[in-house]
Amino acid sequence: SKALRGRILEGRLYDRALTAEEARAAFAGGPAPVTREDLDAALGQSGVAERQRLEAELQALGNQVRELESLGANLDPEQRRWRDLAHAIFNLKEFVYLR
C-alpha cells in the first residue's frame, strides 16, 4: 500500500465535538458560528435578561414601523404627493446648515 505524503498547513483543537454546520464552516476557513447558547453562556444571567429586553423592544419597534407603513399605503394620490414633497424637503441637507 502507498502512504500519503503531504503537509499539514493548519490545525485546530476544539474542546467539544463540532456540529455539521460548525465543521463545514471550519473547513471553509471561516469561524465557527456562534450559537444562542454560546452567546447566553458568555453574557451571563443579567446579560441574557438585557438581550431579551432589547429583542422585545426591537420587535415592538418593528410592529410600529409596519403600522406607520400601512398608514402611508392608505393615502390617496394627492396626499401621497404632499407626503413625498415634505419628505424630500426634510431630507435636503441645505436646510440643516441654515441658521
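Residues numbered from 1 in each chain as written. Predicted model: local features only at pLDDT ≥ 70, side-chain atom pairs only at ≥ 80, totals over all residues. Heavy atoms only, no water.

Enquirer: Just to check I follow, could you spell out the side chain of Arg-51 for this structure?
Expert: Assignment of secondary structure puts Arg-51 in helix H2 (residues 36–73). For Arg-51, the contacting residues outside a window of four places in its chain are Arg-36, Leu-39, Asp-40 and Leu-43. (Helix = DSSP H or I, 4+ residues; strand = E, 2+ residues; numbered from the N terminus. Contact = heavy atoms within 4.5 Å.)

Enquirer: I'm lost on the pattern of salt bridges in this one. Help?
Expert: Working definition: two side chains of opposite charge can pair if their charged atoms are close together. The final tally for this structure, using the stated rule, is eight salt bridges. Arg-53 is the salt-bridge partner of Glu-50, the closest N and O atoms lying 2.8 Å from each other. Placement of both Glu-50 and Arg-53 in helix H2 is noted, with a separation of three residues, approximately one turn of the helix. Relative accessible area serves as the criterion here: at 43%, Arg-53 is assigned to the partly exposed category. With a shortest N-O distance of 3.2 Å, Asp-84 and Arg-83 are connected by a salt bridge. With a relative accessible area of 41%, Asp-84 lands in the partly exposed category. Here the salt bridges do not stand alone but share partners, grouping Arg-36, Asp-40, Arg-51 and Glu-55 into one network. (Salt bridge = Lys/Arg side-chain N within 4 Å of Asp/Glu carboxyl O. Buried < 20%, exposed > 50% of the residue type's maximum accessible area, 1.4 Å probe, protein only.)

Any functional reading would require information that these geometric values do not contain.
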